[in-house]
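An overview of the molecular structure
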Amino acid sequence: MTYRVAFAIGAAAQFHDLPERARDALVHLAADLAERPWDGVTVLPPGDNPAFREAIFGNGHGLLAVHVNDVAELVRIFNIVWLE
C-alpha cells in the first residue's frame, strides 16, 4: 500500500525556501514515507496522538513534522525545519 504525501500550505512555502540539497533530501524522505509511513518516521513528539510524528532528514540538518492518516492513506507534511 502506498500513501499519498501532501504538503500543507505553510510547509509548501518552507519547501521552496530550502537549499537544493535540503529539497533533495526531503523528497527522498517523502518517497520513503509514502511506502512506509510508520517505519520511516524516527521521532515521536510529546503528546497523546502517535499520528503526529517527526522525522530527521538531510544528515541531521532537517526536521520534518507530519501527520499520518491511515484511513485516508495520507501523510501530510505540516512543518519543515532546516538548520545549517
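Reading the values: rules and limits
Residues numbered from 1 in each chain as written. Predicted model: local features only at pLDDT ≥ 70, side-chain atom pairs only at ≥ 80, totals over all residues. Heavy atoms only, no water. Helix = DSSP H or I, 4+ residues; strand = E, 2+ residues; numbered from the N terminus. Expected span 1.5 Å × (residues − 1). Buried < 20%, exposed > 50% of the residue type's maximum accessible area, 1.4 Å probe, protein only. Arc of directions from axis to C-beta. Pairing = 2+ DSSP bridges. Axes fitted to C-alpha atoms, helices over the stretch in contact; angles between N-to-C directions. Contact = heavy atoms within 4.5 Å.

At 3.6 residues per turn, the α-helix brings residues three or four places apart onto the same side. The terminal C-alpha atoms of helix α2 (residues 20–35) lie 23 Å apart, and with 16 residues this matches the ideal 22 Å at 1.5 Å per residue to within 8%. Regarding α2, the residues found buried are Ala 22, Leu 26, Leu 29, Ala 30, Leu 33 and Ala 34. The buried residues of α2 occupy one face: seen down the axis, they fall within an arc of 145°. Exposed residues on α2 whose side chains face more than 90 degrees from its buried face are Glu 20 and His 28.

Moving on, we come to the sheet that holds strand β2 (residues 52–57). The four strands are arranged β1-β4-β3-β2 in an open sheet whose pairing can be described as mixed. Edge positions in the open sheet fall to β1 (4–7) and β2, since each of these has one partner strand only. On average, each strand axis in the sheet is tilted by 30° relative to the strand beside it, whichever way the strands run. Bridge count for strand β3 (residues 62–69) against strand β4 (residues 74–82) is eight bridges, and the pairing is antiparallel. What sits directly across from Val 68, in β4, is Val 75. Packed on one face of the sheet, helix α1 (residues 9–16) meets β1 and β4 and runs near 45° to β4. Along the sheet, α2 contacts β1, β2, β3 and β4; its crossing angle with β2, the most-contacted strand, is approximately 135°.

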